[in-house]
Amino acid sequence: MKTRMHTRIILLLSILLTLSGCNSAVSEDERTLADQPYEETEFLMGTVVRVTIYDQGKEEVLSKAFDRIKELAKFITTEDEEEHSMIKAINEAAGQEPVPVSDDLFALIKSALTYSEKTEGSFDLTIGPITDLWRIGFPDARVPSPAEIDTALSLVDYKKVELNEENQTVYLSEEGMKIDLGAIAKGFITDETVKVLTENDVETAVIDLGGNIFVMGSSPRDVNEDWQVGIQDPFEERGEIIGFIPLSNQSMVTSGVYERFLEVDGKKYHHLMNPETGYPFDNELAGVSVVTTSSIDGDGLSTSLFSKGLEGGLEYVNQLDGVDAVFVTKDKKVYLSDGLKDFKLKNDDFTLMNGD
């Protein structure tokens, strides 16, 4: 048996900026950009986190952004007992008593519960008993027995999460329940980082939390030009992109079966768990990339769209306002939601099945 930890699919930015490129904006561009962008990169939450700011004189904002990211990163994992004390306390108090939590954690859990309700459980914040069984992404990952999965499934039910706004408490009504915020926390943290940059008058920037991408403003090359955000081939760890989407003040989040998986006897089990079966989702999809105005929306929806499969996912996303998605199937076909008119396929190994 072997495990492999794949960094969450990185969305590549197709911006080849040189010194002259930053300053060769057209006359309408009244922004003041740095000769070279300010950038900081750290390994946090099990992935590479990068913030790049293009506005002149805003280098000090990088430290403010990373202070906020680190403050919130403790909500991602249950591995660090000291840093993760609030979520650990909630899970340990399941079936016993409500637990008071911080403003940030309450807001995050409230958002996670909202998405659990909106998706009718295809995204479920109480998936913890299942993810703890499989442990995909950790050295002790394994395939649980059917009996173990059945027991864990009985503890997965977002309807048994009780929030008290007045006392700001969280209560899991059945002993053994566990919340797992890993599927939505990066979106929350990305949006909070956008707030930090905005409050410090940053207009042109890129936030990349290991695949949760947010692009602020327009391309440094021209104020009238969107960023060109590329989607990496989901079958390659560090392969070529399959295409580009122009974005401005938007987020893109990707869920994929090759991001992180467990391989046993030649069979791969990816980390996207079905709250109804206790096993990884099994359908024709290899990856789903969701475009939204906030990253937490993309996080919540990417898992849900993946769970619905190609046909159901397309039908669902086309009913949503302000949301678009790219679906990549295991046989390397690409499908677009109705609103994506400017997607450009650049990889001949893939076939665009709809769109222009």
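Below, the structure is looked at part by part. (Residues numbered from 1 in each chain as written. Predicted model: local features only at pLDDT ≥ 70, side-chain atom pairs only at ≥ 80, totals over all residues. Heavy atoms only, no water.)

**Focus: the side chain of S218**
Reasoning step 1: Tracing the sequence through the fold places S218 in the loop between β9 (212-216) and β10 (227-232).
Reasoning step 2: A residue is classified by how much of its surface remains accessible, and S218, at 10% relative accessible area, is buried.
Reasoning step 3: A polar contact of 3.0 Å, which involves the side chain of S218, links it to the backbone oxygen of V223.
Reasoning step 4: Beyond its immediate sequence surroundings of up to four residues, S218 is in contact with R31, T204, V223, E225, W227 and S248. (Helix = DSSP H or I, 4+ residues; strand = E, 2+ residues; numbered from the N terminus. Buried < 20%, exposed > 50% of the residue type's maximum accessible area, 1.4 Å probe, protein only. Polar contact = N/O pair within 3.5 Å; in protein donor to acceptor, adjacent residues only side chain to side chain. Contact = heavy atoms within 4.5 Å.)

**Some words on the pairing of strand β8 (residues 205-209)**
Reasoning step 1: Among the five residues of β8, five are classified as buried, and the element is accordingly described as predominantly covered.
Reasoning step 2: Both faces of β8 are covered, namely the face carrying A205, I207 and L209 and the face carrying V206 and D208.
Reasoning step 3: Pairing between strand β4 (residues 47-55) and β8: five bridges, direction antiparallel. Paired with I53 across the two strands is A205, which belongs to β8.
Reasoning step 4: In this structure, β8 lies alongside β9, joined through five bridges in antiparallel fashion. Looking at β9, one finds that L209 is bridged to N212.
Reasoning step 5: Here β8 folds back onto β9, and the loop between the two strands holds two residues, one of which, G210, carries a positive phi near 60°. (Pairing = 2+ DSSP bridges.)

**Quick word on the environment of L62**
Reasoning step 1: One can find L62 in helix α2 (residues 61-73).
Reasoning step 2: Each C-alpha atom of the pair L62 and T41 lies 9.9 Å from the other, and the pair is 21 residues apart in sequence.
Reasoning step 3: Here L62 is in contact with Y38, E39, E40, V51 and I53, once residues within four sequence places are set aside.

**A few points about the nonpolar core**
Reasoning step 1: In this structure, I53, I69, I90, L125, L181 and L197 are the most contacted members of the largest nonpolar core, which totals 51 residues.
Reasoning step 2: When residues no more than four places from it in sequence are discounted, the contact partners of L197 are V51, I53, V61, A65, V202, A205, I207 and M216.
Reasoning step 3: The next biggest cluster of nonpolar side chains, apart from the first, holds 20 residues, and it includes Y54, V229, I245 and L340. (Core = buried A, V, L, I, M, F, W, Y, C linked by side-chain atoms within 4.5 Å.)

**Some thoughts on the sheet that holds strand β7 (residues 169-172)**
Reasoning step 1: Spatially, three strands are ordered β5-β7-β6 in an open sheet, and the strand pairing comes out antiparallel. Two strands in the sheet have a free side with no partner beyond their single neighbour: β5 (99-100) and β6 (161-164).

**Notes on the sheet that holds β8**
Reasoning step 1: Spatially, nine strands are ordered β3-β4-β8-β9-β12-β15-β16-β17-β19 in an open sheet, and the strand pairing comes out mixed. Each end of this open sheet is capped by a strand with a single partner; those strands are β3 (33-44) and β19 (351-352).
Reasoning step 2: Here strand β15 (residues 285-292) pairs with strand β16 (residues 324-329) via six bridges, running antiparallel. Paired with V291 across the bridge in β16 is D324.

**Points about the pattern of salt bridges**
Reasoning step 1: What the rule picks out here adds up to 14 salt bridges.
Reasoning step 2: Residue E71 is joined to R68 by a salt bridge in which the shortest nitrogen-to-oxygen separation is 2.9 Å. With E71 and R68 both in helix α2 and three residues apart, the pair spans about one turn of that helix.
Reasoning step 3: For E71, a relative accessible area of 40% corresponds to the partly exposed category.
Reasoning step 4: Judged by relative accessible area, which is 14%, R68 ranks as buried.
Reasoning step 5: Between E165 and K110 there is a salt bridge whose closest N-O contact spans 2.6 Å. Here E165, found in the loop between β6 and β7, pairs with K110, found in helix α4 (residues 103-118); they are 55 residues apart in sequence, far enough to count as distant.
Reasoning step 6: For E165, a relative accessible area of 48% corresponds to the partly exposed category.
Reasoning step 7: You can call K110 partly exposed: its relative accessible area is 38%.
Reasoning step 8: Bridged by salt links that share partners, the residues R68, E71, D104, E192 and K195 form one connected network. (Salt bridge = Lys/Arg side-chain N within 4 Å of Asp/Glu carboxyl O.)

**Looking at the packing of aromatic side chains**
Reasoning step 1: Taken as a whole and assessed by the stated rule, the structure comprises four aromatic pairs.
Reasoning step 2: Ring centres of W134 and Y279 lie 5.8 Å apart, and the angle between their planes is 75°; on these two criteria the pair is classed as edge-to-face. With W134 in helix α5 (residues 128-134) and Y279 in the loop between β14 (267-270) and β15, this pair connects stretches of sequence that are 145 residues apart.
Reasoning step 3: Assessed through its relative accessible area of 31%, Y279 is described here as partly exposed.
Reasoning step 4: Taking the ring centre of Y115 as reference, the NZ or CZ of K118 above it sits at 5.2 Å. (Phe/Tyr/Trp six-rings, centres within 6.5 Å; stacked < 30°, edge-to-face > 60°. Lys NZ or Arg CZ within 6 Å of the ring centre and 35° of its normal.)

**Some remarks on unusual backbone geometry**
Reasoning step 1: Unusually for a residue other than glycine, N249 sits at a positive phi of about 50°.
Reasoning step 2: Looking at the secondary structure, you find N249 in the loop between β11 (241-247) and β12 (250-256).
Reasoning step 3: Take N249: its relative accessible area is 42%, and that puts it in the partly exposed class.
Reasoning step 4: Of note, K332 is a non-glycine position whose phi angle comes to about 65°, a positive value.

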